[in-house]
Amino acid sequence: MSYIFGKKALFDALKSNKDNIAVVNLMANNNLLINKLATLNIPYVAHKNQDFFKQFPIHLNHQYIVTEIKNTKVTKSHANDLKSFLLEKKDKKQMLVLIVDSLNDPQNFGAILRTCNVFGVDAVIYKNSNQVQVNDFVQKASMGATLTLNMFKVANLSNAIELLKQNNFWVYATSLSDDAKYNDEIEYENRTAIIVGNEEKGISPIVVKNSDFNIIIKMYGTMQSLNVSVATGILLFEARKQLEKKCK
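The structure presented is a predicted model; accordingly, all values stated were derived computationally and were not measured. (Residues numbered from 1 in each chain as written. Predicted model: local features only at pLDDT ≥ 70, side-chain atom pairs only at ≥ 80, totals over all residues. Heavy atoms only, no water.)

### Comments concerning the overall build of the chain
Filter applied, for reference: In this text, helices come from DSSP runs of H or I with a minimum length of four residues, and strands from runs of E with a minimum of two, each type numbered from the N-terminal end. Computation of the radius of gyration draws on C-alpha atoms, with the globule rule given as 2.2 Å multiplied by the number of residues to the power 0.38. Relative accessibility under 20% of the residue-type maximum defines a buried residue, over 50% an exposed one, and the middle range a partly exposed one, all with a 1.4 Å probe and only protein chains included. In what follows, residue pairs with any heavy atoms lying within 4.5 Å of each other are defined as contacts. Computed with a 1.4 Å probe, the accessible areas rest on the Shrake-Rupley method; for each residue, only the protein chains presented here act as cover. Positive residues here are Lys and Arg, negative ones are Asp and Glu, while His and the chain termini are left out of the count. Where a charge lies is defined by one atom per residue type: Lys uses NZ, Arg uses CZ, Asp uses CG and Glu uses CD.
Across its full length, the chain holds eight helices and 11 strands. Relative to the compact-globule value of 18 Å for 248 residues, the chain shows a C-alpha radius of gyration of 20 Å, a close match. On the principal axes, the C-alpha backbone points of the chain span a range of 60 × 45 × 35 Å. Expressed as a percentage of its 248 residues, the buried residues of the chain come to 48%. Sequence-distant contacts, at least 24 apart, represent 76% of the contacts inside the chain between residues at least 6 apart. With the model as given, the accessible surface of the chain reaches about 12900 Å², and the carbon-plus-sulfur share is 49%. Taken as two groups, the 30 positive and 23 negative side-chain charges of the chain have centres that lie 7 Å from each other.

The following block contains the structure:
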C-alpha cells in the first residue's frame, strides 16, 4: 500500500484517477472534506484523535489527510517492462522521456516527477540502486504525480539508453563539457530522451558517453548552476515547446 499526503495531493488524485484511492484517513472534524468524499463515494476513515497520523514523519506535513492508494505505476522494475512499453508505443510519433541518474534528495525527485506530469512526459527511467527511490517523501513532494506517470526502475542506465536508441530516440545529456550546446538552440527530435543527474556530481561519465548530445542551460546572471528540479523544468519546457511546434 502506498500513501499520498495532504489536501492538494488528494484533490489531484480525485481529479486524475479516483478509482486508485483505497481510503482517505482524516480527522473527524473535517466536515467539508468528509461531505465531499461521501458525495463522490470515496471510502474514508474519520479519526477522532491524532494517533493514526503519528506514525508518519512530521516533515511530510500531511495536514491530517493521508490517502491510501491501491496501486501505482511504480511497479515496473526492470528493463523488460521498459522494452514492452516501447513496443506498445512503437507507432507513437512523438515521445518525451526523462532519465534520472543518481538523485539523492527525495524533495528534488518528487518535484521532478510533478514537473514531468505537467509537461506530459511519457516515461521516467531511474536506477534501482544508488538513487533515491519512490518513498513517502517523494510521494509527498510529487503531489501524487507518481499515480499518473509511467516509471521504470532499471539496473543499468546505459542499457536503457541503448534500448531507447533502438526505438528511434535521440538522447540529450545535461553536461558542462566543451561540446555542450544550449538547450534552446538545439533541435529536439520527435523521440527525445533527456538525462538529468546527481545534485553534486551530475551525470556519470559512462552515461554521458552513451548519449547523442550534450546540452546546457544558458545562464544570464552571476550564478552558474541551478537546482536540478528547476533545471529539469526548463529543459522539459523547451523540449515540449519544440515538439508542439513540430505538430503544427
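### So, the pairing of strand β5 (residues 95-100)
Quick reminder of the rule: The rule for pairing is simple: two strands pair if DSSP sees at least two bridges between them. Here, the term right-handed applies to a crossover whose path from the first strand over the helix to the second runs clockwise when the strands point away from the viewer.
Extensive coverage of β5 is indicated by the burial of six of its six residues. Side chains M95, V97 and I99 project from β5 onto one buried face, and the interleaved L96, L98 and V100 project onto a second face that is buried too. In terms of strand pairing, β5 meets strand β10 (residues 191-196) through six bridges, oriented parallel. Within β10, the residue paired with L98 across the bridge is I194. In this fold, β5 hands off to helix α4 (residues 106-118), which returns the chain to strand β6 (residues 123-127); that crossover is right-handed.

### Overview of the pattern of salt bridges
Let me state the cut-off plainly: For this analysis, a salt bridge means a side-chain nitrogen from Lys or Arg found within 4 Å of a carboxyl oxygen belonging to Asp or Glu.
One pass over the full model with this rule turns up nine salt bridges. When the shortest N-O distance is used, the salt bridge between K165 and D212 registers 3.6 Å. Of this pair, K165 sits in helix α6 (residues 157-166) while D212 is found in the loop between α7 (205-209) and β11 (213-216), placing the two residues 47 residues apart along the sequence. Note on D212: relative accessible area 30%, which makes it partly exposed.

### Observations concerning the sheet that holds strand β7 (residues 151-154)
As a reminder, the rule being used: Each axis is a line fitted through C-alpha atoms, and for a helix only the stretch in contact is used; angles between axes span 0 to 180 degrees, taken between their N-to-C directions.
With respect to topology, seven strands assemble into an open sheet ordered β7-β6-β5-β10-β8-β11-β9, the strand pairing being parallel. Every other strand in the sheet has two partners, leaving β7 and β9 (181-182) as the edge strands with one partner each. In this sheet, β11 lies alongside β9 in parallel orientation, the contact comprising two bridges. Its bridge partner lying in β11, K181 is registered against I215. Sitting on the sheet, helix α8 (residues 228-247) is in contact with β5, β8 (170-174), β10 and β11, with an inclination near 160° to β5.

### So, the sheet that holds strand β1 (residues 2-5)
Across the sheet, four strands lie side by side as β1-β4-β2-β3; this open sheet has mixed pairing. Here the strands that pair on one side only, and so sit at the sheet edges, are β1 and β3 (44-47). Pairs of neighbouring strands in the sheet enclose a mean axial angle of 20°, with direction left out of account. As defined by bridge partners, β1 adjoins strand β4 (residues 65-69) across four bridges and the pair is classed as antiparallel. Residue pairing in the sheet places S2 in a bridge with I69 of β4. Sitting on the sheet, helix α1 (residues 7-17) touches β1, β2 (21-27) and β4, and the angle it makes with β2 is about 150°. Lying on the sheet, helix α2 (residues 31-39) is in contact with β2, β3 and β4; it crosses β2 at an angle near 160°.

### A few points about the confidence of the model for the chain
Low pLDDT means the predicted coordinates in that region are not meant to be read closely. Applied cut-off: pLDDT measures the predictor's confidence residue by residue and takes values from 0 up to 100.
Averaged over every residue, the pLDDT of the chain is 90; residues scoring 70 or more account for 95%. A low-confidence stretch, residues 74-78 (pLDDT under 50), is modelled with 12 contacts involving residues beyond four sequence positions or located in other chains.

### Thoughts on the packing of α4 against α8
Heads up, the condition is: Any angle that is under 35 degrees is reported as roughly parallel, and any over 145 degrees as roughly antiparallel; angles of 65 to 115 degrees are reported as roughly perpendicular and all others as oblique. Here a crossing is taken to be left-handed if its near helix is turned anticlockwise relative to the far helix by less than a right angle, and right-handed if that turn runs clockwise.
Interhelical geometry of α4 versus α8 gives an angle of 15° and a closest axis separation of 9 Å. Classified by the angle their axes make, α4 and α8 are roughly parallel. Like other packed secondary-structure pairs, α4 and α8 cross with a definite hand, here right-handed. Across the interface between the two elements, N108, A111, I112, T115 and C116 from α4 touch V228, S229, T232, G233 and L236 from α8.

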